[in-house]
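Next come the chains, spelled out residue by residue.
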Amino acid sequence: MGSQKTDKELKQATKSGLKAIHKNKGRHPVRKEGRIVKYGTKGFFRNIWLSSASTIVMAITMIILFVTIVASVILTNTAEMMKDKIDITIFLKPNTSDETLQELNTVISVDKNIKSVVVSNSEQEYEKFRAEKEGDEDITNILDEDMKKLMISRKQATMRIKVYNIDDIESIKTIVKEDPLFINNLDDEFEPTYDVNQKEIDTITSWARIARTGGIVLAVVFLVISILIIFSTIRMAIFSRREEIYMMKLVGADKRFIRGPFLIEAEICGLIAGVIAATVSYFGFMFLAPKLSGYGIDVSSITNILQSNQLILVFLVFIAVGVVIGRISSMLAVSKYLHKM
């Protein structure tokens, strides 16, 4: 009987408090918002296990989204970096004169895809070879004057071409194959290097595409899971507080005051998940960045962002995404279950 009396007293006190809130709801909007936040925070800790599960899954979802974006960006940048480093080398007959090389340069430079052209005669090519082998004593010891003259007489002159778009070089191929000046001076032993590294570039580009597609699929899967968990959390919270909600409706509490705490509860999950995901993503990437750079992967664009003042913006984006996911999930649950009570 004592416990029943206590329950009755508690219900009466709650009812009285709700009446007071309803009576003064228009007079103190700030106090009302404060109470919504207060009750939402209590609800978060009241369902701490489900709230923790929601937070963790949301954090994983955002980490996967981050990995997807980063992988796509760095792989695309790496492919572009490799393309930028590629030059087309055209091998010309040994001892091609400097005048002829300049004429060839003028002919090829007409193409709008040409970024730069560097020509090198046989003697300059020999000097490059000697500089490359400077540390090899076995080779440098035999490079006397007679050997120098012999090598220069057989060393191909070269034309190295950089282009704006490596995927569009058909016009350059046409000039090299059909122009009479090129036909007369091309070396018969070596073909122009049109397709060097193209396989590697295509592979990296396909990796970027796979990373983007696979990451989006995984992110969607975990997004659905996190929405379902938050949905279940809010549903249980509504069920456990059904008597309290019923009394709120009896005393005329508005919809915002009834729904607000559930939205706040989910938004707290999203906020914490955003902080966790941003922190894990930041330290994880900064740990892996040097290792990725060692493999020739261009991580500079992401590193520059994370090491600048934009890092704060990155954290805010994570938090905003978490809060939005939490709010949408809770709104779905509230609209489905709350109107039934």
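Model, not experiment: these values are computed from the prediction. (Residues numbered from 1 in each chain as written. Predicted model: local features only at pLDDT ≥ 70, side-chain atom pairs only at ≥ 80, totals over all residues. Heavy atoms only, no water.)

Undergrad: I'd love a proper account of the pattern of salt bridges, names of residues and values included.
TA: This structure, assessed with the given rule, holds four salt bridges. In this structure, Glu 170 engages Lys 173 in a salt bridge whose closest nitrogen and oxygen atoms are separated by 3.7 Å. Of the two residues, Glu 170 and Lys 173 both sit in helix α8 (residues 170-178), three residues apart, roughly one turn of that helix. Residue Lys 173 is classed as buried on the basis of its relative accessible area, which comes to 16%. Measuring nitrogen to oxygen at the nearest pair gives 2.3 Å for the salt bridge that ties Glu 267 to Arg 327. Residue Glu 267 is located in helix α12 (residues 255-294), and its partner Arg 327 is located in helix α14 (residues 310-337); the two are separated by 60 residues in the primary sequence. (Salt bridge = Lys/Arg side-chain N within 4 Å of Asp/Glu carboxyl O. Helix = DSSP H or I, 4+ residues; strand = E, 2+ residues; numbered from the N terminus. Buried < 20%, exposed > 50% of the residue type's maximum accessible area, 1.4 Å probe, protein only.)

Undergrad: Would you mind going over unusual backbone geometry in detail, with residue names and values included?
TA: The residue Asn 95 is not glycine, and still its phi comes out positive at about 65 degrees. A relative accessible area of 49% places Asn 95 in the partly exposed class.

Undergrad: Tell me about α8, residues and numbers included.
TA: All buried positions along α8 are accounted for by Ile 172, Lys 173, Ile 175 and Val 176. Down the axis of α8, the buried set is contained in an arc of 160 degrees. They therefore lie on one face. Residues of α8 that are exposed and point over 90 degrees away from its buried face: Glu 170, Lys 177 and Glu 178. The secondary structure elements touched by the buried residues of α8 are β1 (88-92), α4 (98-108), β2 (114-120), β3 (157-163) and α9 (180-185). (Arc of directions from axis to C-beta. Contact = heavy atoms within 4.5 Å.)

Undergrad: Report on helix α5 (residues 122-132), specifying residues and quantitative values.
TA: Taken together, the buried positions of α5 are occupied by Ser 122, Glu 125 and Tyr 126. Axial view of α5: buried residues confined to an arc of 105 degrees, hence all on one face. In the core, the buried residues of α5 are packed alongside β2, α7 (145-154) and β3. For α5, the side-chain oxygen to backbone nitrogen distance between the N-cap and Glu 123 is 3.2 Å, and the N-cap itself is Asn 121. (Polar contact = N/O pair within 3.5 Å; in protein donor to acceptor, adjacent residues only side chain to side chain.)

Undergrad: Quick rundown of the environment of Gly 270? Include the residues and the values.
TA: Secondary-structure assignment places Gly 270 in helix α12. With near-sequence residues (within four places) excluded, Gly 270 lies in contact with Met 58, Met 62, Ile 319, Gly 322 and Val 323.

Undergrad: Got a sec to walk through the pairing of β3? Specific residues and values, please.
TA: β3 sits mainly inside the fold: five of its seven residues count as buried. Relative to β3, β1 runs antiparallel, the two being bridged by five bridges. Bridge pairing in β3 places Thr 89 opposite Arg 160. Bridge count for β2 against β3 is six bridges, and the pairing is antiparallel. Looking across to β3, one finds that Ile 114 is bridged to Val 163. (Pairing = 2+ DSSP bridges.)

Undergrad: Please set out a nonpolar patch on the surface residue by residue, giving values where relevant.
TA: Taken together, Leu 65, Ile 312, Leu 313, Leu 316, Val 317 and Val 321 make up a surface patch of nonpolar side chains, about 520 Å² in accessible area. The dominant element in the nonpolar patch, judged by the number of residues it contributes, is α14, at five residues. Its place among the elements puts Leu 313 in helix α14. (Patch = residues over 30% accessible without salt bridge, like charges linked within 9 Å, V, L, I, M, F, W, Y side chains within 5 Å. Areas by Shrake-Rupley, 256 points an atom, 1.4 Å probe, with all protein chains shown as cover.)

Undergrad: Just give me the short version of the packing of aromatic side chains, but keep the residues and values in it.
TA: Counting across every chain of the model gives three aromatic pairs. Aromatic pair Phe 66 and Phe 318: ring centres 5.8 Å apart, planes at 45 degrees, arrangement tilted. Taken together, the positions of Phe 66 in helix α3 (residues 48-85) and Phe 318 in helix α14 put the pair 252 residues apart, joining distant regions of the chain. Taking relative accessible area as the criterion, Phe 66 reaches 14% and is therefore assigned buried. Where Tyr 282 meets Phe 283, the ring centres are 5.1 Å apart and the plane angle is 80 degrees; that geometry is what we call edge-to-face. (Phe/Tyr/Trp six-rings, centres within 6.5 Å; stacked < 30°, edge-to-face > 60°.)

Undergrad: Could you give an account of the nonpolar core, naming the residues involved and the relevant values?
TA: Ile 234, Phe 285, Leu 306 and Phe 318 are the most contacted members of the largest nonpolar core, which has 30 residues in total. Breaking this core down by element, the ones donating at least two residues are α3, α10 (198-240), α12, α13 (300-306) and α14. Residue contributions to this core peak at eight residues, all from α12. (Core = buried A, V, L, I, M, F, W, Y, C linked by side-chain atoms within 4.5 Å.)

Undergrad: Tell me about the sheet that holds β2, residues and numbers included.
TA: Taken in spatial order, the three strands of this open sheet run β1-β3-β2, and their pairing is antiparallel. The outermost strands of the open sheet, each flanked by one partner alone, are β1 and β2. Put simply, the sheet's adjacent strands are angled 15 degrees from each other on average, direction ignored. Seen against the sheet, α4 touches β1, β2 and β3 and runs at an angle of roughly 170 degrees to β2. (Axes fitted to C-alpha atoms, helices over the stretch in contact; angles between N-to-C directions.)

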